[in-house]
Each structure stands twice: as C-alpha cells, then as structure tokens.
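# A look at the structure
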Amino acid sequence: GLKSEGKVPLSEFTNKAGEVQVSEGDEIEVMVLGREREFGLLILSKERVDAIRVWQRIEKSLEDGTPVEGDIASEVKGGFLVDIVGVNAFLPISQVDVKPVKNPASFVGRHLKFKVIKSNKRKGNVIVSRRILMEEEKEKRKQEFWKNVKNDQVVYGFIRNITDYGACVDLGGVDGFLYLNEITWGRITHPKEYLRIGDEVKVKIVEIDLEKERISVSMKQLKVDPWQKIE
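Small disclaimer: the values here were computed from a predicted structure and weren't measured. (Residues numbered from 1 in each chain as written. Predicted model: local features only at pLDDT ≥ 70, side-chain atom pairs only at ≥ 80, totals over all residues. Heavy atoms only, no water.)

### Looking at the pattern of salt bridges
Two side chains of opposite charge can pair, provided their charged atoms sit close to one another. Across all of its chains, the model carries 11 salt bridges by this definition. Measuring nitrogen to oxygen at the nearest pair gives 2.5 Å for the salt bridge that ties K115 to E136. Taken together, the positions of K115 in strand β7 (residues 111-120) and E136 in helix α2 (residues 131-148) put the pair 21 residues apart, joining distant regions of the chain. Measuring nitrogen to oxygen at the nearest pair gives 2.4 Å for the salt bridge that ties R160 to D175. (Salt bridge = Lys/Arg side-chain N within 4 Å of Asp/Glu carboxyl O. Helix = DSSP H or I, 4+ residues; strand = E, 2+ residues; numbered from the N terminus.)

In structure tokens:
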C-alpha cells in the first residue's frame with residue numbers, strides 16, 4: 001500500500017542483440033528482492049517473475065497438454081536445446097517431426113510450439129516434443145475429414161506416394177487412393193507419366209469405406225468423358 005520507486009537492472013530488459021525491450025509507461029510484473037539502504041529504493045527483478053511464469057507454463061503443459069513456445073537454440077547430442085524464455089529444454093531428435101529428420105541444422109533458430117513430456121523443476125530438467133503436437137493436429141484433421149466427407153465431393157490434395165498401380169493422395173490427414181485408370185481418360189502405363197510426388201491435384205471422391213477408413217479418388221471424372229463426343 002505504500003508508494004515507492006524501485007529499480008530493475010537494465011540488463012533484464014535487454015535482448016541478445018543488446019536492444020532494450022521496454023519503454024517508459026509500460027506496465028511490468030516484478031518481484032521485490034529487498035531495499036537499498038542508502039536511498040531507500042526497492043530492489044526489483046523482472047527476470048525472477050519471468051522464471052516463475054515460465055515454470056508455471058511448463059507445469060501446465062505437462063498437466064493438460066497446453067503448448068509452450070520456444071526457440072531451437074542449438075544442436076546437441078541426440079537432439080536439440082530449446083530456449084523457453086530462459087529455461088533450457090531438451091528436444092530429442094525422435095520428437096522433432098513425424099518423419100525422420102534429414103537435415104537437423106535446418107531447425108536451429110526456428111521458433112516453434114512444443115508439448116512438455118517431462119519436467120523436474122528442482123533439477124531444472126525439461127524434455128519437450130513437437131512430434132506429439134503434430135500427431136494430435138493430424139488426428140484432429142482426420143476426425144474432421146471423416147465427419148464431413150461425402151461421395152462426389154471435389155477436394156484438393158498432394159501426391160504423397162506413387163506405386164505401379166496408382167498414387168496416394170494426402171487429403172489433409174487422410175490418404176485417398178488414386179488408381180491408375182482414374183488418373184486420365186488417355187492411356188498411360190505408369191502413374192509417373194502423369195504425376196510427381198508433391199504435386200497438388202484436384203480430385204473427386206468416388207468411393208468411401210468408413211469401416212476400413214479407405215477412400216478412392218479420381219482425376220479423370222472431373223473431365224468430360226471423350227467417348228461422349230466420339231461421333
């Protein structure tokens with residue numbers, strides 16, 4: 001209830017580039033560490049509060065899965081070091097992506113969301129996962145897709161894989177199969193004559209098996225059957 005001025009070291013507001021991240025008039029949250037004897041000023045800290053708030057977010061993420069944000073600071077043995085607002089967390093290489101990481105160095109410096117899978121505040125140990133969040137997001141998209149999918153629906157997707165008899169089309173969390181004879185009205189002997197992995201394609205859903213969660217799609221049925229005009 002008293003009115004008093006306090007001081008916080010400027011270093012607590014300075015980023016790694018040496019830039020001051022605060023302006024006059026900003027409202028901040030600080031912790032009282034003590035009182036300066038000579039002038040009676042309060043000795044304050046913003047970093048102490050930030051550390052408390054970060055650990056609260058880490059514990060919340062561990063309890064209910066709320067994502068935390070952080071910067072991948074460096075590559076270490078077996079994974080990466082992630083900076084979560086001053087708290088160092090370990091990201092195992094197996095928890096970076098749903099697919100194998102071919103170029104780990106490309107992740108350094110990226111600001112991403114993670115899920116805390118283990119933490120020990122006393123020891124300062126935190127382990128995070130990005131893969132779990134990606135899998136959960138994929139599952140949500142999958143459930144949404146099956147809830148809304150209909151026969152004859154026209155959708156966009158990406159060619160994920162090519163086989164001798166067709167191609168897998170990623171429709172947003174769910175794969176549809178595009179058979180060789182559904183690619184074009186023209187004659188082709190292999191899908192690679194017409195498609196490449198990564199191509200975006202427009203397809204029509206021609207068959208849905210909800211029990212087996214399988215979908216067949218067609219590209220050619222979006223075009224006019226040439227036999228109708230053959231005469």
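And the narrative resumes.
### Looking at the environment of Q95
Positionally, Q95 belongs in the loop between β6 (87-92) and β7. Sequence separation of Q95 and R131 is 36 residues, and the distance between their C-alpha atoms is 4.9 Å. Setting aside residues up to four positions removed in sequence, Q95 forms contacts with V128, S129, R130, R131 and I132. Here the side chain of Q95 touches S129 through a polar contact of 2.6 Å, side chain to side chain. (Contact = heavy atoms within 4.5 Å. Polar contact = N/O pair within 3.5 Å; in protein donor to acceptor, adjacent residues only side chain to side chain.)

### Description of the sheet that holds strand β1 (residues 6-7)
The sheet built from three strands is open, its strands ordered β1-β3-β2 with mixed pairing. A single partner strand is all that each edge strand has here, and the edge strands are β1 and β2 (31-35). Here two bridges tie β1 to strand β3 (residues 42-45), and the two strands are oriented parallel to one another. Bridge pairing in β3 links G6 to L42. (Pairing = 2+ DSSP bridges.)

### Overview of the environment of V98
Among the secondary structure elements, V98 is positioned in the loop between β6 and β7. Taking the C-alpha atoms as reference points, V98 and H111, 13 residues apart in sequence, are found 18 Å from one another. Each residue touching V98, except ones within four places of it in the same chain, is listed here: R131, M134 and E135.

### A short note on unusual backbone geometry
Excluding glycine, residues mostly have negative phi values, and the peptide bonds linking residues are mostly trans. A positive phi is found at D152, a non-glycine position, where the angle reads about 70°. Mapped onto the elements of the fold, D152 is located in the loop between α2 and β9 (154-163). Positive phi, normally seen in glycine, also occurs at E213, with a value near 55°. Within the fold, E213 resides in the loop between β12 (200-209) and β13 (214-218).

### Things to note about α2
The terminal C-alpha atoms of α2 lie 26 Å apart, and with 18 residues this matches the ideal 26 Å at 1.5 Å per residue to within 8%. Buried within α2 we find L133, F145 and W146. Looking at the buried positions of α2, the neighbouring elements they touch are β7, β8 (125-129), β12 and β13. (Expected span 1.5 Å × (residues − 1). Buried < 20%, exposed > 50% of the residue type's maximum accessible area, 1.4 Å probe, protein only.)

### Notes on the pairing of β12
Across five bridges, the pairing between β9 and β12 is antiparallel. Counted as the bridge partner of Y156 is K202 from β12. Taking the residues between adjacent antiparallel strands as the criterion, β12 and β13 are bridged by four residues, where E213 takes a positive phi near 55°.

### Considerations on the nonpolar core
The biggest cluster of nonpolar side chains holds 20 residues, and the ones touching the most others in it are F145, L171, L195, I215 and V217. Secondary-structure elements contributing two or more residues to this core are α2, β9, β10 (166-170), β12 and β13. Within the second largest apolar cluster, 18 residues are counted, among which are F80, F107, L112 and V116. (Core = buried A, V, L, I, M, F, W, Y, C linked by side-chain atoms within 4.5 Å.)

### Description of the packing of aromatic side chains
In the structure shown here, the tally under the stated rule is four aromatic pairs. Considering the side-chain rings of Y165 and F177, the 5.7 Å spacing of their centres and the 40° angle between planes classify their relative orientation as tilted. Highlighted residues: Y165 in the loop between β9 and β10 and F177 in strand β11 (residues 175-179), separated in sequence by 12 residues. For the ring pair F177 and Y179, a centre distance of 4.8 Å and an interplane angle of 70° mean the geometry is edge-to-face. F177 gets classed as buried once you look at its relative accessible area, which sits at 15%. Note on Y179: relative accessible area 40%, which makes it partly exposed. (Phe/Tyr/Trp six-rings, centres within 6.5 Å; stacked < 30°, edge-to-face > 60°.)

These figures capture arrangement, not role.
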